[in-house]
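# Inside the fold
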Amino acid sequence: MKLRIGIAVISVILCILLRNPWHMAAVLASVLIIIFLVDIIEKRKTEKQIDDLISYITKVQDYSSLPEMQKISEGRMGILQSEIYKVITILLEQYSSEHDQKKYMSDMMSDISHQFKTPLTAISLMNELLMNETVGDEQRLEYTGKIDAQINKMTWLLKSLLTLSQLEAGVLEMKAEKAELNKLIIDLSEPLLIMAEVAEVEYICSIPDRIVLSVDIHWFKEALSNIIKNCIEHTNKGGFVRISASQNNLHTSIVIEDNGKGIEKEHLPHIFERFYKAGNSSHDSVGIGLAMARQIIRAHDGKIEVESEIGKGTKFTISLY
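To start, this report covers the structure provided alongside it. (Residues numbered from 1 in each chain as written. Predicted model: local features only at pLDDT ≥ 70, side-chain atom pairs only at ≥ 80, totals over all residues. Heavy atoms only, no water.)

Attention now goes to the packing of aromatic side chains. A complete count under the given rule lists one aromatic pair for this structure. Seen in terms of ring centroids, phenylalanine 272 and phenylalanine 316 are 6.3 Å apart; in terms of plane orientation they differ by 75°. Their pairing is edge-to-face. With phenylalanine 272 in the loop between β5 (252-258) and α7 (289-299) and phenylalanine 316 in strand β7 (residues 313-320), this residue pair connects regions lying 44 residues apart in the sequence. Phenylalanine 316 matches phenylalanine 272 in its accessibility class, with the two residues each being buried. (Phe/Tyr/Trp six-rings, centres within 6.5 Å; stacked < 30°, edge-to-face > 60°. Helix = DSSP H or I, 4+ residues; strand = E, 2+ residues; numbered from the N terminus. Buried < 20%, exposed > 50% of the residue type's maximum accessible area, 1.4 Å probe, protein only.)

Given below as structure tokens:
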């Protein structure tokens, strides 16, 4: 449009200067031809831009990620291109989020099915044995106890899975309150001391006084207990599990370490994944404790790191900022 106005203005000025009718006619004819050619060029340019946009939208349907868009730098077509890109970006983000949620639910249901299959099979078999009239009272009592143990295991597993799914979805609210770390460790250590004593593992706790945290006491104790329990389970008789801590103006550091079996390098990146079992995991291990511990620590805006060496032990470091 600006180009056409400019050509028209120049033609009028030329006509005024020339004053010759034939010359004026030639100028007007030239102007009309130029305007016609400009219209053709602009039309083709617009058609190409529209074709590029259509081609881009078509590509979006075939790409798993957002393909690169050739920039249209000016005019209303540039604005249209920018708005199309914004809308497609938003739609792809929403699609990706929904896809991730569906995959998460599918994986969760698959995990639940896998974990419940064994105890349900055991309950079914023992139930059949109980229905056998030849089974004596002593055996019936034994089978009943085993069924009860399997039901308790399934109840604990279901409760843990629901808690973990809430943590991973970020919907489990953490109610932070002030707590002395020393007292918190003493409170959670009572059952762990018995576990360590049975395993003949030395339980060492060296927490300085006056280290105060702002945490959800219930859930933070759950996270620490899961890590300490994991260390006790993987430490041989005569070994130790040590809990220590330090605090400065930036963060509080809690270290839980053992001199046990250690974890192989290829397993280290995966030990906090749900249901993951390293090569030296115990038969009864479900593989949910460390995953839950990491999610709880993350919910407190903290992080957990692990170092390990086969035959020398494992060290967990929790940092709360």
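There is more to say after this.
What follows covers unusual backbone geometry. Of note, arginine 210 is a non-glycine position whose phi angle comes to about 70°, a positive value. Positionally, arginine 210 belongs in the loop between β2 (202-206) and β3 (212-215). Residue class for arginine 210 comes out exposed when judged on its relative accessible area of 80%. Phi at aspartate 301 is positive, roughly 60°, even though this residue is not glycine. Within the element layout of this structure, aspartate 301 appears in the loop between α7 and β6 (302-309). Judged by its relative accessible area of 63%, aspartate 301 is exposed.

Across the sheet, five strands lie side by side as β2-β4-β5-β7-β6; this open sheet has mixed pairing. Two strands lie at the open edges of the sheet, namely β2 and β6, each paired on one side alone. Mean inter-strand twist for the sheet, computed between neighbouring axes without regard to direction, equals 10°. Relative to β7, β6 runs antiparallel, the two sharing eight bridges. By the bridge assignment, glutamate 307 is partnered in β7 with lysine 315. Its contacts with the sheet put helix α5 (residues 181-198) on β2, β4 (240-247) and β5, and the angle it makes with β2 is roughly 175°. Sheet strands in contact with α7 are β6 and β7, and its direction is about 140° off that of β6. (Pairing = 2+ DSSP bridges. Axes fitted to C-alpha atoms, helices over the stretch in contact; angles between N-to-C directions. Contact = heavy atoms within 4.5 Å.)

Residues of β6 alternate between two faces, with Gly302, Ile304, Val306 and Ser308 buried on one and Lys303, Glu305, Glu307 and Glu309 left unburied on the opposite face. Here β6 folds back onto β7, and the loop between the two strands holds three residues, one of which, glycine 311, carries a positive phi near 80°.

Now for the environment of alanine 176. Relative to the helices and strands, alanine 176 is located in the loop between α4 (137-169) and β1 (177-180). Sequence-wise, alanine 176 and histidine 300 are 124 residues apart; in three dimensions their C-alpha atoms are separated by 8.5 Å. Here alanine 176 is in contact with Ser214, Val215 and Asp216, once residues within four sequence places are set aside.

This part is about the packing of α5 against helix α6 (residues 217-233). Between α5 and α6, the least distance of the axes is 10 Å, while the angle of their chain directions is 30°. One way to sum up the angle between α5 and α6 is to call them roughly parallel. In this structure, α5 meets α6 at a crossing whose hand is right-handed. Only Ile217, Phe220, Lys221, Leu224, Ser225, Ile228, Lys229, Ile232 and Glu233 of α6 make contact with α5, whose side of the interface consists of Leu184, Ile185, Asp187, Leu188, Leu192, Met195 and Ala196. Residues of the contact of α5 with α6, tallied by class, amount to eleven nonpolar, one polar and four charged. (Parallel < 35°, antiparallel > 145°, perpendicular 65-115°, else oblique. Left-handed = near helix turned anticlockwise from the far one by under 90°. Nonpolar A, V, L, I, M, F, W, Y, C, P; charged D, E, K, R; others polar.)

Take it as geometry only, folks, not as evidence of what the structure does.
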